[in-house]
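Remarks on the overall topology
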Amino acid sequence: MRILGWMIMISMSLVVSACNAPPKKEITEESHEVAAPNAAPIVTSLINESGQKLGTIELKESATSGLDLHVKAKGLPPGPHGFHIHETGKCETPDFETAGAHFNPTHREHGFDNPKGHHAGDMPNLQVGADGQIDVVVNVPDVMLKKGTHPFMDQNGRSFVIHAEADDYLSNPSGNSGKRIACAAMTKEMIK
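First things first, this report covers the structure right here in the doc. Quick caveat: nothing in here was measured; it's all calculated off a predicted structure. (Residues numbered from 1 in each chain as written. Predicted model: local features only at pLDDT ≥ 70, side-chain atom pairs only at ≥ 80, totals over all residues. Heavy atoms only, no water.)

The secondary structure content of the protein amounts to one helix and nine strands. Scanning the protein from its N terminus toward the C terminus, one meets helices and strands in the order α-β-β-β-β-β-β-β-β-β. Carbon and sulfur atoms make up 57% of the accessible area of the protein, which totals about 11300 Å². (Helix = DSSP H or I, 4+ residues; strand = E, 2+ residues; numbered from the N terminus. Areas by Shrake-Rupley, 256 points an atom, 1.4 Å probe, with all protein chains shown as cover.)

Time to look at the sheet that holds strand β1 (residues 42–48). The seven strands lie next to each other as β5-β8-β9-β1-β2-β3-β7, forming an open sheet whose pairing is antiparallel. Of all strands in the sheet, those with a lone pairing partner are β5 (83–86) and β7 (134–140), marking the two edges. Looking at each pair of strands side by side, their axes are set apart by 20 degrees on average, direction ignored. In the sheet, strand β2 (residues 53–61) pairs with strand β3 (residues 67–73) via seven bridges, with the strands oriented antiparallel. The partner of leucine 59 across the bridge, within β3, is leucine 69. (Pairing = 2+ DSSP bridges. Axes fitted to C-alpha atoms, helices over the stretch in contact; angles between N-to-C directions.)

So, about unusual backbone geometry. Outside of glycine, negative phi angles account for most residues, and trans bonds account for most peptide bonds. Omega for the bond connecting threonine 93 with proline 94 falls within 30 degrees of zero, at 5 degrees, which places this linkage in the cis form. Residue placement: proline 94 occurs in the loop between β5 and β6 (126–128). We note that phenylalanine 96 has phi near 60 degrees; this positive angle belongs to a residue other than glycine. Secondary-structure assignment places phenylalanine 96 in the loop between β5 and β6.

With that out of the way, let us pick up the pairing of strand β8 (residues 158–163). Of all six residues making up β8, six are buried, and the element is well covered by its neighbours. Residues Arg158, Phe160 and Ile162 point to one face of β8 and Ser159, Val161 and His163 to the other, with burial holding for every one of them. Pairing of β5 with β8 involves four bridges; the strand directions are antiparallel. When the bridges of β8 are listed, histidine 86 appears paired with serine 159. Pairing between β8 and strand β9 (residues 180–186): six bridges, direction antiparallel. From the neighbouring strand, arginine 158 faces β9, where its bridge partner is methionine 186. (Buried < 20%, exposed > 50% of the residue type's maximum accessible area, 1.4 Å probe, protein only.)

Across all of its chains, the model carries one disulfide by this definition. Through a disulfide, cysteine 91 is tied to cysteine 183; the S-S separation comes to 1.9 Å. Between cysteine 91 and cysteine 183 the sulfur-sulfur dihedral comes to about -60 degrees; the bridge is accordingly left-handed. Here cysteine 91 is found in the loop between β5 and β6, whereas its partner cysteine 183 is found in strand β9, with 92 residues between them in sequence. (Disulfide = S-S within 2.5 Å.)

Note that valine 138 resides in strand β7. Setting aside anything within four residues of it in sequence, one finds valine 138 in contact with Leu67, Asp68, Leu69, Phe83, Met123, Pro124 and Leu126. (Contact = heavy atoms within 4.5 Å.)

Turning our eyes to something else, we now look at the nonpolar core. Leu76, Phe83 and Phe160 are the most contacted members of the largest nonpolar core, which has 28 residues in total. Broken down by secondary-structure element, the contributors of at least two residues to this core are β1, β2, β3, β5, β6, β7, β8 and β9. Ranked by size, the runner-up nonpolar core spans seven residues in total, among them Phe96, Ala99, Val161 and Ala185. (Core = buried A, V, L, I, M, F, W, Y, C linked by side-chain atoms within 4.5 Å.)

Shown next as structure tokens:
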């Protein structure tokens, strides 16, 4: 009987320690947990209408989905500003019209609030501080760097454009966000 009692006590202590052990973490599609990409970010300069460098935009594949853009700049007007991926990797001053239209491979209308939208290149407004500075990471879930339904890069490159006004997330073609005041170009050669 004593042996049976000891066996029960040992079994129970094994069960208790197994319950207190940290759970094993598995990376599965359902958990949406993936290892962070090891590749170094791709960095490009953000310029204003005069061609002066305001800061940088760093691009890398997100550890969760899509792309992460790290926007770090100074000398921008305070307040909210429309921010979009444009279809061509050219930022010619003073109006940045060479960046083309929004990146829109699915041919939808503009805006997160548009029932017929949104463009793959639509992003949330950037909120620039009273000091004219911004340092923020923006996730773009609908775009992948080299794979996926809407690969980011093609032979034309891509640009990131900051507009003078806030995006209303509804109006075509760019949410009434006004003129283009800053631009950062990326070319196919920048992506290894």
